[in-house]
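Structure assessment
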Amino acid sequence: MARYARTFFSALGLSALLMAGATYADDDKKVSIVDDRGVTVEVPAQPKRIASISYFADDVALALGIKPVASTYMTAGHEPDFLLGLTSGIKQIGQRAKPNLELLSEAKPDLIIAIRRYTVGNAAQLQNIAPYVAYNMELLEESYSETAALSMLLGKTERGEQLNADFRKHLAEYAGKAPKDVNPRFLIMWGGATPFAFHTENTSASIVAAIGGDNIPGPKSPGGEFGIDLSLETMLEKDPEVIFIYDSGPDRPHESNPIWSQLSAVKNNRVFYVGDQWVETNGPIAREIVLREAAHYLYPDTFPAVDVKAEAAKLIPAELQN
């Protein structure tokens, strides 16, 4: 497959606000924004108490120097390294697919930023707690607009623009340094008896493809989902050379399937169990770390190994780390 390329949102500033559908009320105390549900939501200007259903809002807020008051988690008891474990000091309100609304209410947020697909069913209850804004958080093209929109809502528009510009620059730099005659076949998946794999437009897969990887699930169908159930038989047919697996715990049924050991990635010890940033990739911290990790795993002779916490510490202001 030819090197993956895509045209991203290139205009920021006012245009980012227009894409987000944001306007200020006359009294400058409310902001009206259209989220990914197509719903217009009025939120406080520069809210102070942010609740995150997913790690996306944690990621953006911490990069902007703001500590949220509540957060869901991916795996109970696990504090993600890409956020420096700072979620341990934030009120935990349950797993991202099943947030505990009572605990959320106790945190007294003035803004809830949520992953759309897990929260549309209880949108009314969430809106009764605080203004609720939902984003898709699935595709790289959305990462830019979502980061810009949330930065604007948090009163840090220029910083959000800079984070987006920096990542575009870094992505181009890594792509330019990657070997031009190597396009490793790769796969990013959740483990399981029938693994769930990401299409190329998904944020983490899009980053790996942008630096030369060949994503075996390929692009998504128009209007389709960002991922697909991929049988081990199909996986063997396409035979990925590098496999990234979200490391959600010790249960790894895919490894018990006899087909697993036949895969080139397995034979060559190029299966990497990766952290939360590979699933919750749309924030500015996660995507930068995934870029660096992907470059090393694809081209270990060209790019150095990555210290996730050290990279995160470069993006999270020191005053929040202490």
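Attention in this report is confined to the structure presented alongside it. (Residues numbered from 1 in each chain as written. Predicted model: local features only at pLDDT ≥ 70, side-chain atom pairs only at ≥ 80, totals over all residues. Heavy atoms only, no water.)

**Points about the overall build of the protein**
The cut-off we apply is this: For helices the rule is a DSSP run of H or I covering at least 4 residues; for strands it is a run of E covering at least 2, with both sets numbered from the N terminus onward. Only the C-alpha atoms count toward the radius of gyration. The rule for a globule is 2.2 Å times the residue count to the power 0.38. Burial here depends on accessible area, computed with a 1.4 Å probe over protein chains only, as a share of the maximum for the residue type. Under 20% is buried, over 50% is exposed, and the range in between is partly exposed. By definition in these notes, contact holds between two residues if any of their heavy atoms fall within 4.5 Å. In this description, accessible areas are obtained by the Shrake-Rupley approach with a 1.4 Å probe, and a residue is regarded as covered only by the protein chains that are shown. When charges are counted, Lys and Arg contribute as positive and Asp and Glu as negative, whereas His and the chain ends are disregarded. Charged side chains are reduced to one point each, which is NZ for Lys, CZ for Arg, CG for Asp and CD for Glu.
Per the secondary structure count, the protein includes 13 helices and 14 strands. Its C-alpha atoms give the protein a radius of gyration of 19 Å, within 12% of the compact-globule value 20 Å for 322 residues. Within the protein, the fraction of its 322 residues that count as buried is 54%. Counting only contacts in the protein whose residues sit at least 6 apart along the sequence, the fraction spanning at least 24 positions is 64%. For the protein, the accessible area works out to roughly 13500 Å², and carbon and sulfur atoms hold 49% of it. Distance between charge centroids for the protein: 2 Å, based on 30 positive and 41 negative side chains.

**A word on the nonpolar core**
Using the following cut-off: Note on terminology: a nonpolar core comprises buried Ala, Val, Leu, Ile, Met, Phe, Trp, Tyr and Cys residues joined through side-chain atoms within 4.5 Å.
Formed by 55 residues in total, the largest nonpolar core has its most connected members in Ile 112, Ile 113, Tyr 135, Leu 153 and Ile 285. A total of six residues in this core trace back to one element, the largest contributor, which is helix H2 (residues 56-63). When near neighbours in sequence (up to four residues on either side) are disregarded, Ile 112 contacts Ala 51, Ile 53, Leu 104, Leu 126, Ile 129, Ala 130, Pro 131, Tyr 132 and Val 133. Phe 186, Phe 272, Leu 291 and Leu 298 belong to the second largest nonpolar core, which has 31 residues in total.

**Details of the environment of Gln 125**
Relative to the helices and strands, Gln 125 is located in helix H5 (residues 123-129). Take Gln 125: its relative accessible area is 41%, and that puts it in the partly exposed class. Linking Gln 125 and Leu 101, residues 24 residues apart in sequence, is a C-alpha distance of 7.8 Å.

**Looking at the sheet that holds strand E7 (residues 111-115)**
The cut-off we apply is this: Each pair of strands is called paired provided DSSP finds at least two bridges between the two strands. Lines fitted to C-alpha atoms define the axes, with helix axes restricted to the stretch in contact, and inter-axis angles between N-to-C directions lie between 0 and 180 degrees.
An order of E6-E5-E4-E7-E8 is seen for the five strands of this open sheet, with the pairing classed as parallel. Strands with a single pairing partner mark the edges of an open sheet, and in this sheet they are strand E6 (91-95) and strand E8 (132-135). Within the sheet, the average angular offset between the axes of one strand and its neighbour, ignoring direction, is 20°. Examined bridge by bridge, strand E4 (residues 50-53) and E7 share four bridges and lie parallel to one another. In the sheet register, Ile 53 faces E7, and the bridge partner there is Ala 114. Docked against the sheet, H2 engages E4, strand E5 (70-73), E7 and E8, running at close to 140° with respect to E4. Across the sheet, helix H6 (residues 140-153) lies against E7 and E8, angled at about 165° from E8, the strand it touches most.

**Structural notes on the side chain of Glu 142**
The test is simple: Salt bridges are identified by distance alone: a Lys or Arg side-chain nitrogen within 4 Å of an Asp or Glu carboxyl oxygen.
Summarising the element assignment, Glu 142 is placed in helix H6. It is Arg 116 that comes nearest to the buried, bridge-free Glu 142 among opposite-charge side chains, at 7.3 Å. If we ignore the near neighbours within four places in the chain, the residues touching Glu 142 are Asn 136, Met 137 and Asn 282.

**A word on the packing of helix H8 (residues 203-210) against helix H11 (residues 284-298)**
What describes two packed helices is the angle between their axes and the distance between those same axes. Stated formally: In what follows, roughly perpendicular refers to angles from 65 to 115 degrees, roughly parallel to angles under 35, roughly antiparallel to angles over 145, and oblique to any angle outside these ranges. Each helix crossing is assigned a hand: it is left-handed if the near helix lies turned anticlockwise from the far helix by less than a right angle, otherwise right-handed if that turn is clockwise. Under the grouping applied here, Gly and all other residues not named as nonpolar or charged are polar, the nonpolar ones being Ala, Val, Leu, Ile, Met, Phe, Trp, Tyr, Cys and Pro and the charged ones Asp, Glu, Lys and Arg.
As a packed pair, H8 and H11 sit with axes 9 Å apart at the nearest point and diverge in direction by 45°. The pairing of H8 with H11 is recorded here as oblique in orientation. With respect to the hand of their crossing, H8 and H11 are arranged in right-handed fashion. Every residue of H11 that contacts H8 at Ser 204, Ile 207 and Val 208 is listed here: Arg 287, Val 290, Leu 291, Ala 294 and Leu 298. Grouping the constituent residues of the contact of H8 with H11 by class yields six nonpolar, one polar and one charged.

**Focus on the pairing of strand E2 (residues 30-34)**
On a regular strand, one side chain projects to one face of the sheet and the next to the other, so that they alternate. In terms of strand pairing, E2 meets strand E3 (residues 40-44) through five bridges, oriented antiparallel. The partner of Val 31 across the bridge, within E3, is Val 43. The loop that links E2 with its antiparallel partner E3 comprises five residues; one of these, Gly 38, has a positive phi angle of about 80°.

**Looking at the pattern of salt bridges**
Throughout the structure, instances matching the rule amount to 10 salt bridges. Residue Lys 91 pairs with Glu 106 through a salt bridge whose shortest N-O separation is 3.3 Å. Remark: Glu 106 occurs in helix H3 (residues 101-106) and Lys 91 occurs in strand E6; sequence separation between them is 15 residues. Salt bridges sharing common partners tie together Glu 288, Arg 292, Glu 311 and Lys 314.

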